[in-house]
Amino acid sequence: MRIVFIGPPGAGKGTQAALVVERYGIAHLSTGDMLRAARDAQTEIGKLADHYMSAGQLVPDEIILQIVQDRLLADDCRRGYLLDGFPRTLAQAEALDQMLAQDSTPLDVVLELRVPDEELFRRLSGRARADDKPEVIRQRLVAYRQQTEPLLDYYQRRGLLQTIDGLGTVEDIFQRIQQVLDPLAERSARQQP
Ligand code: AP5
Ligand code: MG
């Protein structure tokens, strides 16, 4: 199964992704985690990305595409993967479509996690990540509204979008996600016995 998670900062993408990859035996690809690892290792990409991340802005598409392209070729992605926090711009979505078309490995579903802004602030203020300061959270939300939300329409038109209510306990939300993914997992198991 090939899945994309879309949702604003604090929507619970990372939290739910951990449960999804465990249940369905697929790889977890979080561009945010990859960038934080590169930053901590002080690589060139990491130093460049840090500048954008600490301002709550999106890292330029060229950098993101470079790291995702390599990662998708790894062995563990052959059984499927969950993209957490990628794509985030129309250019990234188009580039992903091109990569997947080359290998005839289309996406199965795009899950939008929908959560009201007040709850996002509440969740992120309870955490201590470097980009969880109120003014940076505000900028991350602006980036989401302006650059990422247009993807919902992009995937809706392709018949791939499913919206999940992201309010409630972690377990409640995971149940909603399973209701969408279980039938797709059965379908892809039948196609590749
Ligand atoms: P990224 O790491 O992707 O961060 P984000 O999208 O801003 O969101 P978070 O990871 O903070 O939230 P989440 O939805 O994963 O929620 P979580 O499960 O952690 O990106 C960071 C930065 O990297 C970007 O700003 C950008 O600069 C750069 N970047 C990354 N990808 C990029 C790309 N493709 N293009 C360009 N730039 C890119 O949960 C949040 C909190 O809520 C946690 O404390 C959790 O315990 C809690 N929580 C979770 N679920 C619940 C629940 N049901 N009830 C109560 N609390 C909950
Ligand atoms: Mg995350």
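For the structure given in this document, a descriptive report is provided here.

Helices and strands together make up the secondary structure of the protein chain, namely nine helices and five strands. Seen in sequence order, the protein chain has helices and strands lined up from the N terminus as β-α-β-α-α-α-β-α-β-α-α-α-β-α. For 193 residues, the compact-globule estimate of 2.2 N^0.38 gives 16 Å, and the protein chain sits close to it at 16 Å. Projected onto its principal axes, the C-alpha coordinates of the protein chain cover approximately 50 × 40 × 30 Å. For the protein chain, with 193 residues in total, the buried portion stands at 48%. Looking at the protein chain alone, contacts between residues at least 24 apart form 74% of all its contacts between residues at least 6 apart. Entry remark: accessible area of the protein chain is about 10,100 Å², with carbon and sulfur atoms responsible for 49%.

Through backbone hydrogen bonds, the strands of a sheet pair up, either in parallel or in antiparallel fashion. Taken in spatial order, the five strands make up an open sheet running β2-β3-β1-β4-β5, and their pairing is parallel. Looking at strand neighbours, the two that pair on one side only are β2 (27-30) and β5 (161-165), the edges of this open sheet. Looking at each pair of strands side by side, their axes are set apart by 20° on average, direction ignored. Two elements, strand β4 (residues 109-114) and β5, share five bridges in a ladder whose sense is parallel. Each bridged residue has a counterpart across the sheet, and for leucine 113 the counterpart in β5 is isoleucine 164.

If you trace the backbone, threonine 31 turns up in helix α2 (residues 31-40). Among residues more than four places away in sequence, those in contact with threonine 31 are Ile64, Val68, Asp84, Gly85, Phe86 and Arg88.

Before going further, it helps to spend a moment on the packing of aromatic side chains. This structure, assessed with the given rule, holds one aromatic pair. With centroids separated by 5.1 Å and ring planes inclined at 90°, the aromatic side chains of tyrosine 154 and tyrosine 155 adopt a geometry described as edge-to-face. Accessibility assignment for this pair places tyrosine 154 and tyrosine 155 in one class, buried. Note that arginine 158 overlies the ring of tyrosine 154, its terminal NZ or CZ placed 3.6 Å from the centroid.

Near ligand 1, the surroundings consist of 31 residues, among which Thr15, Thr31, Gln57, Arg88 and Arg127 are the closest. The backbone of glycine 10 places a nitrogen or oxygen atom 2.9 Å from an oxygen atom of ligand 1. Coverage of ligand 1 by the protein amounts to 87% of the 1,000 Å² it exposes when considered alone. Counting atoms within 2 Å of the grid points, the majority share of ligand 1 lands in the largest pocket. Sorting the residues of the shell around ligand 1 by element identifies α1 (13-24), α2, α6 (117-125) and α9 (170-191) as the ones contributing at least two each. Examining the composition of the shell around ligand 1, we find that four residues originate from one element, α2, more than from any other. The residue makeup of the shell around ligand 1, split by class, is 12 nonpolar, 11 polar and eight charged.

About the criteria used
Residues numbered from 1 in each chain as written. Chains lettered and ligands numbered in written order. Predicted model: local features only at pLDDT ≥ 70, side-chain atom pairs only at ≥ 80, totals over all residues. Heavy atoms only, no water. Helix = DSSP H or I, 4+ residues; strand = E, 2+ residues; numbered from the N terminus. Rg over C-alpha atoms; globule rule 2.2 N^0.38 Å. Buried < 20%, exposed > 50% of the residue type's maximum accessible area, 1.4 Å probe, protein only. Contact = heavy atoms within 4.5 Å. Areas by Shrake-Rupley, 256 points an atom, 1.4 Å probe, with all protein chains shown as cover. Pairing = 2+ DSSP bridges. Axes fitted to C-alpha atoms, helices over the stretch in contact; angles between N-to-C directions. Phe/Tyr/Trp six-rings, centres within 6.5 Å; stacked < 30°, edge-to-face > 60°. Lys NZ or Arg CZ within 6 Å of the ring centre and 35° of its normal. Near = heavy atom within 4 Å. Polar contact = N/O pair within 3.5 Å; in protein donor to acceptor, adjacent residues only side chain to side chain. 1 Å grid on protein atoms, 1.4 Å probe; cavity = no way out; pocket = protein on both sides within 12 Å on 5 of 7 lines; lining within 4 Å. Sits in = over half its atoms within 2 Å of the grid points. Nonpolar A, V, L, I, M, F, W, Y, C, P; charged D, E, K, R; others polar.

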